Protein chains: 2
Amino acid sequence: MSTGDGTTLDDYTDRYSAALRGMTPSEIRALFSVANRPEVVSLAGGMPYVEALPLQSIAGLVSEVVASQGAVALQYGVGQGLLELRELICEVMDLEDIAASAEDIVVTTGSQQALDMVSRVFLDPGDVVLAEGPSYVGALGTFQAAQAEVVHVEMDDDGLVPARLRATLEQLRKAGRRAKFLYTVPNFHNPAGVTLTEARRDEVIALAEEYDLLVVEDNPYGLLGFEASPGRALRSRSESRVIYLGSFSKTFAAGLRVGWVLAPHAVRDKLTMVSEAQVLSPSNLTQKVVAEYLLKYPWRDQVKVFREVYRERRDAMLHALDLHMPAGVRWTRPAGGFYVWLTLPEGWDAKAMVPRALTHKVAYVPGIGFYADGDGVRQMRLSYCYPPPERIIEGVRRLAGVIGEEAELRETFGPVLGQAPARTDGRTHSRGTEAPDPGTV
Amino acid sequence: MSTGDGTTLDDYTDRYSAALRGMTPSEIRALFSVANRPEVVSLAGGMPYVEALPLQSIAGLVSEVVASQGAVALQYGVGQGLLELRELICEVMDLEDIAASAEDIVVTTGSQQALDMVSRVFLDPGDVVLAEGPSYVGALGTFQAAQAEVVHVEMDDDGLVPARLRATLEQLRKAGRRAKFLYTVPNFHNPAGVTLTEARRDEVIALAEEYDLLVVEDNPYGLLGFEASPGRALRSRSESRVIYLGSFSKTFAAGLRVGWVLAPHAVRDKLTMVSEAQVLSPSNLTQKVVAEYLLKYPWRDQVKVFREVYRERRDAMLHALDLHMPAGVRWTRPAGGFYVWLTLPEGWDAKAMVPRALTHKVAYVPGIGFYADGDGVRQMRLSYCYPPPERIIEGVRRLAGVIGEEAELRETFGPVLGQAPARTDGRTHSRGTEAPDPGTV
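The rules behind the values
Residues numbered from 1 in each chain as written. Chains lettered and ligands numbered in written order. Predicted model: local features only at pLDDT ≥ 70, side-chain atom pairs only at ≥ 80, totals over all residues. Heavy atoms only, no water. Pairing = 2+ DSSP bridges. Helix = DSSP H or I, 4+ residues; strand = E, 2+ residues; numbered from the N terminus. Contact = heavy atoms within 4.5 Å. Axes fitted to C-alpha atoms, helices over the stretch in contact; angles between N-to-C directions. Core = buried A, V, L, I, M, F, W, Y, C linked by side-chain atoms within 4.5 Å. Buried < 20%, exposed > 50% of the residue type's maximum accessible area, 1.4 Å probe, protein only. Patch = residues over 30% accessible without salt bridge, like charges linked within 9 Å, V, L, I, M, F, W, Y side chains within 5 Å. Areas by Shrake-Rupley, 256 points an atom, 1.4 Å probe, with all protein chains shown as cover. Salt bridge = Lys/Arg side-chain N within 4 Å of Asp/Glu carboxyl O. Lys, Arg positive; Asp, Glu negative; His and termini not counted. Charge placed at Lys NZ, Arg CZ, Asp CG, Glu CD. Buried area = accessible area lost by both parts, 1.4 Å probe. Polar contact = N/O pair within 3.5 Å; in protein donor to acceptor, adjacent residues only side chain to side chain. Nonpolar A, V, L, I, M, F, W, Y, C, P; charged D, E, K, R; others polar. Expected span 1.5 Å × (residues − 1). Right-handed = clockwise from strand over helix to strand, strands pointing away.

All names here are of chain A. Read from one edge to the other, the open sheet built from eight strands follows the order E2-E9-E8-E7-E6-E3-E4-E5, with strand pairing classed as mixed. The outermost strands of the open sheet, each flanked by one partner alone, are strand E2 (105-108) and strand E5 (159-160). Two elements, strand E8 (residues 242-247) and strand E9 (residues 259-262), share four bridges in a ladder whose sense is antiparallel. In the strand pairing of E9, Gly246 is matched with Trp260. Where helix H10 (residues 265-279) meets the sheet, its contacts fall on E2, E8 and E9, and the angle it forms with E2 comes to roughly 25°.

Below, the structure written as C-alpha cells:
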C-alpha cells in the first residue's frame, strides 16, 4: 500500500494492521456513487423499498416511544439487547418454525454486526470457512477482515449441493484441516436467488453432525417468499449445530440497523462479550421502535405488502429478461427475496462491461465480488427490490442492449483483452432455470 | 476454557478464536445486575442523566424525521455516515477549537465502535498501545480484543505526565519497539477525573512529533466543564498526529449510539472500510434524529443544563467525601465530567470490599478493571452522574461506613488474605487533591 518511493500518499501505511492490509473496498459500494444518479436504472443495490411503509403510523409509534419511554430509549442499554424485544423476536422466528428462548438471542446493529461478531468469536487468521459460491459480499468481507480462507461450495437451482459439501469436508479432513463453520443463506439466496430444498436441508444437517460442523444460517429474506414459504429453517432441525442470523432490515426498516443472532447458550455469552467490545450495546431507541412496531402494528400484514411489492417486481424482471435477453445468457428464477443471478456466455467479463452499462444508464453488480477466489467473472447480480416495475423493465431492456452490443463486438473483433472467444452456440441455457456457475471447491 | 475432563460445559471451546480466548467480561458489567437494585445507591455506572432531556420536544423531532424524511431515515445509509450530520458535527467540534472538514469524519455507532475501528485499523497481536494508568475500561477491552499489549503511563492531578510519557517512549525505542498509538482522555478523565493542563497538551504533541507517535484523543466529556472549558483539544494542535473521537452520548442521548471519529484523510478511508465490515452503515434514523436536534433545538442550552446537573452532583459528592471519609483515603476533585477516583490506604483491596459494600447498599467500580496490568487494587471509581444529590450523599455516607468498618477489622485482626497491613498513619492525603496512584510503566 506504500508507493515505495518515499512520496507516500498515505503516511500511515507502516502502522496499519495485517488484517487491514488484507481488506479491499467492496465492488458493490464502489459502484454506488454512479449507480445512484437519477438517470441510471440501478439494478445494483439491495435497498428494500421502505417507501411501502406507513410513515405516518411509524412516526406516531416513534414519538410515543420517546415521550413515554424516553428515560430508557435514550439511555445506554445492555449488551445482549432489550429483553422485551428478544421476546418479540421469538414470535417472529416462530413463523419459521424456530422454537427459541429470549435468553439465547443477542440483538445486533443489523445482521452485518452479527456476521462480524461470529467471525470474531470463531476465526483466527488462516482458518477455513465454507460458503456457497457465490456468497453474500458482506459476509465475505467479515471473513476477509478476519483473515480467514473461504472455500466455496457449489450451488445449483436447489441451493447448496450436499454432495459437493461432503466432498469438500472430506477433502479438508484428508488435509488435516477443519472448517470453523459453514456460512449459508438457505432462502432466496443473495446473490444467487435460489432456495435450498427441504430434502437438502436434512442432508446439510446430517453432514454437520457427521463432520462435527457448525452452520451459520443467515436468513434475512425468509418471510419474503412469493408463492410459498421456503423450507423450515436449519435452526429448527438442530439447536446445537446452528447459529441463526435474523434481521428487520427487509421485513421492517433497514435504517434502524436492528438484527439478531440466536446461538447455543455458551456461544451466546461469547457473542455478547464481543458485541460489548464493538458497540457497548445496540441502540435502545431503535430497539424500542422495533418492539413497539411488533406490539402495536399489524406487522404481519406489512410483510404481506412487501411480498406483493417484490413479487410484482420479480415478475417484471423475469418477464423482461425472457423478452429481451439475447441467446447464450441465462439466469435464475427466484421464488422470493431480492435478486436474480445472471450468467453471460463463456469467456465474457461482466466487470469489464460495467462502464458501457453505465453509459447506457443501467447498473448491476459484477459477480466477481461474490467470490473470494476470483470466480464469478461472467456473472452479475440483478436486484429488483427497489425500482418500480416499469423502471426494471427499462433497465433490463438497456442491459440487453449492452449485452447485444458486446456480442456484436465479439463477433466482429473477437474477444477483447485476451479472453476466450464468446460462445455463440445458441440459446440452450436461455430460460435461466439452470444453476449459477459452480464455485471452485 | 475447556473443563478438560470430557464433560464440557461449553461444547464450542475448541473452535473459539485466539482473540476471544483472551477476552474477559468487564468488571463493570458484572456488577450491574446487583448495582441496579433500587435499594442500592449506585456510584458504579456511567449513565448520563437523560431525564434532564426535554422528552416531549425530542418526541416531536423524531416524529417529524420519520414523517417527512422517512424514505431516508428508514433506509440503509452510507458507511461514512450522513453528510448533513457530519457538517453539523464540525460545528460541535468548533466549540473546542477544532477546525475540521466533514470529509474527514466517520459517524460511528457510539464512540465504542470508533475505538474498535481504530483498534482494527492499527493493531496486530503483540502491538504496544500506550494509555493512561488508569484508563477507560471500554478502550482497554478493544485493545485486549485486538491482543495488543497496553503499557500504562502515569498520571497526576494535571493529567498524563509528559516526563513519564517520554521515559516510556524512550524505553520502547531502546527495546526496538514502537507504540502503535497513545490512547488518551485529556478532559475530565474516565475514571481518574483529572484534566490535562494546557502546557502539557503542547508537551504531548511535541513528544508525538519527536517520537513519530499517533495520538487517539477520546473526548466524550469536553463540553461538560463545570467552572471553565478544558484546554484546547489535542486535535486543534495537530491534524496529522491526532485521531479524535467524539460522542453525543453525554451531550445528547446515549441510547442513540451516535459518535464520530475525525482522522487524517487516508486513515478516514480505512476507518470507513472497517465500519462497513462491522455494521454496513450507522443507523440513518438515529443520525437524522441527532441532525434534526442540532438544527432545530437550542442544544447549546441543553448542554448548559447538563453541566449544571452534573456540577451540583459533583459538589454533593466532594462535600460528602470531605465530611465522611476516614483518614488515609484520598480522591481526585474533577472539574467536569462524571467521575471521582478514590484511593484506599496502602495494602487494601477495593474489589474484595465490593460484597460488603453491596450489603451496605452502595456500589462502586473497583479500580483493577481500569488497568491492563493488575494495578488499581486499592482504587475505586465513584460516579456522580446519575443519582440525585441526596442519594449521592447517602451513598458516600454508606461507603464511608464500609471503609471505616474495614479499617476497624484491619486494626483488630490485621490484614486479611495475606495483604500488607493497613496504613493508619493519619489523614495526610485526605483532601484528595493528590494524584491517583501511578500506573506501572
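Counting 256 residues, the largest nonpolar core has Tyr183 of chain A together with Tyr183 of chain B as its most contacted members. In contact with Tyr183 of chain B, not counting residues within four places along its chain, are Leu115, Val129, Leu130, Ala131, Glu132, Ser135, Tyr136, Ala139, Phe143, Val216 and Asp218 of chain B.

Before going further, it helps to spend a moment on a negative patch on the surface. On the surface, Glu87, Glu91, Asp94 and Asp97 of chain A cluster together into a negatively charged patch. Structurally, Asp97 of chain A is set in the loop between helix H4 (83-94) and E2.

A few words on the interface of chain A and chain B. Between chain A and chain B, the residue contacts involve 79 residues of the former and 79 residues of the latter. Here chain A packs against chain B, burying approximately 6,700 Å² in sum over the two surfaces, 60% of which is carbon and sulfur. Sorting the residues of chain A by area buried against chain B places Arg15, Leu74 and Tyr76 of chain A first, and these three jointly supply 12% of that buried surface. Between chain A and chain B we count six salt bridges in total. The tally of links between chain A and chain B comes to 38 residue pairs in polar contact (both at pLDDT 80 or more). Elements supplying a minimum of two residues to the side of chain A that touches chain B: helix H1 (18-21), helix H3 (55-73), helix H5 (110-122), helix H6 (137-145), helix H9 (249-253), H10 and helix H11 (284-296) of chain A. Considering each element in turn, the side of chain A that touches chain B owes the most residues, eleven residues, to H3 of chain A. Split into classes, the residues belonging to the side of chain A that touches chain B amount to 43 nonpolar, 19 polar and 17 charged.

With that settled, consider helix H10 (residues 265-279) of chain B. Residues and elements named next belong to chain B. Between its terminal C-alpha atoms H10 stretches 21 Å, which fits the 21 Å expected from 15 residues at 1.5 Å a residue. Of all 15 residues in H10, 13 are buried, a share of seventy percent or more. Where H10 ends, the next residue or the one after it, Leu280, has phi of about 65°, a positive value.

A separate point is the side chain of Arg86 of chain A. Residues and elements named next belong to chain A. Within the secondary structure, Arg86 is located in helix H4. Within the buried set, Arg86 has no salt-bridge partner at all; the shortest N-O distance to an opposite charge, 4.2 Å, is to Glu103. A polar contact of 2.8 Å, which involves the side chain of Arg86, links it to the backbone oxygen of Ala102. Those residues in contact with Arg86 that sit more than four places away from it in its chain are Gln80, Gly81, Ala102, Glu103, Ile105 and Val107.

Let us look at the pairing of strand E3 (residues 128-133) of chain B. Look at any regular strand and the pattern is simple: side chains alternate between the two faces of the sheet. Residues and elements named next belong to chain B. Counting buried residues along E3, six of its six residues qualify, which places the element largely inside the surrounding structure. Bridging between E3 and strand E4 (residues 149-156) involves six bridges; their strand directions are parallel. If you follow Ala131 over to E4, its bridge partner there is His152. Handedness of the β-α-β unit built from E3, helix H6 (residues 137-145) and E4 comes out right-handed. Strand direction decides the pairing type here: E3 and strand E6 (residues 179-184), joined by four bridges, are parallel. Across the sheet, Val129 pairs through a bridge with Phe181, a residue of E6.

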